[in-house]
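Results of the structural survey
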Amino acid sequence: RRWGVYLSSGAWRIVPDFAWCQPTPFWSLPDPSGPFWALPDATCAELSRSDLVIVKGDANYRRLLNDAKWELDTPFEDVTCRFPAPLLALRTLKAELGCGIPRAASERAAAEAPDDWMVSGTYGCAQYNPRPAAAASSAADSKRFAVGELSEVGLG
C-alpha cells in the first residue's frame, strides 16, 4: 500500500521509454564529453534529474556491465561510473558475469555450489552507486554501502 501512495502522490514515477527496450548497454548513454550517443537525449536528461534509478533483473544488470566478463571484484562504482544518476541494481545471478562482489563472498558461494552458483538463481546482490558521475573522477570519495554482498535468495 505504501508504494501505491508514493506512486499516486507523485513521489515516485514510472517513466516508460522505448530506450529501455533496446539492446544498448547502459554505459552508452549520451555523454557530451565523449562518443556515447546511443540513447535519446531526453532519456539521459530524465535520468540525470532522478534522485535514484533502480535497475532490476539479470538482463538489465548485464546491460550495465555491457555483457562483458569483468573480474568479479572490480568495483561496481568503476563499472557504472558513467551512469547519470544515483543507481541501485538488484539482481538474481543467472549469468556468469558480475562485478563488485568481494573475493571472499564469491569464494564462499563457489564452495557452497561449485557447479552453478552464478547461474542457478540461488544467489543475488543489491549494488548501490550513490554518485556515478563523481565516481568517474574520484572513486575514492564515493561512499561504500555493502556493495556486492551476495545473499541467498529465498526462492520457494
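This section reports on the structure supplied with the text. (Residues numbered from 1 in each chain as written. Predicted model: local features only at pLDDT ≥ 70, side-chain atom pairs only at ≥ 80, totals over all residues. Heavy atoms only, no water.)

Digging into the overall build of the protein chain
When helices and strands are counted, the protein chain shows six helices and four strands. Long-range pairs, those at least 24 residues apart, make up 72% of the contacts in the protein chain between residues at least 6 apart in sequence. If you sum the accessible surface of the protein chain, you get close to 9,200 Å²; carbon and sulfur atoms cover 55% of it. (Helix = DSSP H or I, 4+ residues; strand = E, 2+ residues; numbered from the N terminus. Contact = heavy atoms within 4.5 Å. Areas by Shrake-Rupley, 256 points an atom, 1.4 Å probe, with all protein chains shown as cover.)

Quick notes on the pattern of salt bridges
Enumeration over the complete set of coordinates arrives at five salt bridges. One salt bridge connects glutamate 46 with arginine 13, and the closest N-O pair in it is separated by 2.1 Å. With glutamate 46 in helix H2 (residues 41-48) and arginine 13 in the loop between helix H1 (2-9) and H2, this pair connects stretches of sequence that are 33 residues apart. A relative accessible area of 57% means that arginine 13 is categorised as exposed. Between arginine 62 and aspartate 67 there is a salt bridge, with the nearest N and O atoms lying 2.8 Å from each other. (Salt bridge = Lys/Arg side-chain N within 4 Å of Asp/Glu carboxyl O. Buried < 20%, exposed > 50% of the residue type's maximum accessible area, 1.4 Å probe, protein only.)

Let's talk about the packing of aromatic side chains
Following the criterion strictly, the structure yields three aromatic pairs and no others. Measuring from centroid to centroid gives 5.3 Å for tryptophan 3 and tryptophan 12, while their planes differ by 70 degrees, and the two rings are edge-to-face. Since its relative accessible area comes to 59%, tryptophan 3 is described here as exposed. Residue classification places tryptophan 12 among the partly exposed residues on the basis of a relative accessible area of 36%. (Phe/Tyr/Trp six-rings, centres within 6.5 Å; stacked < 30°, edge-to-face > 60°.)

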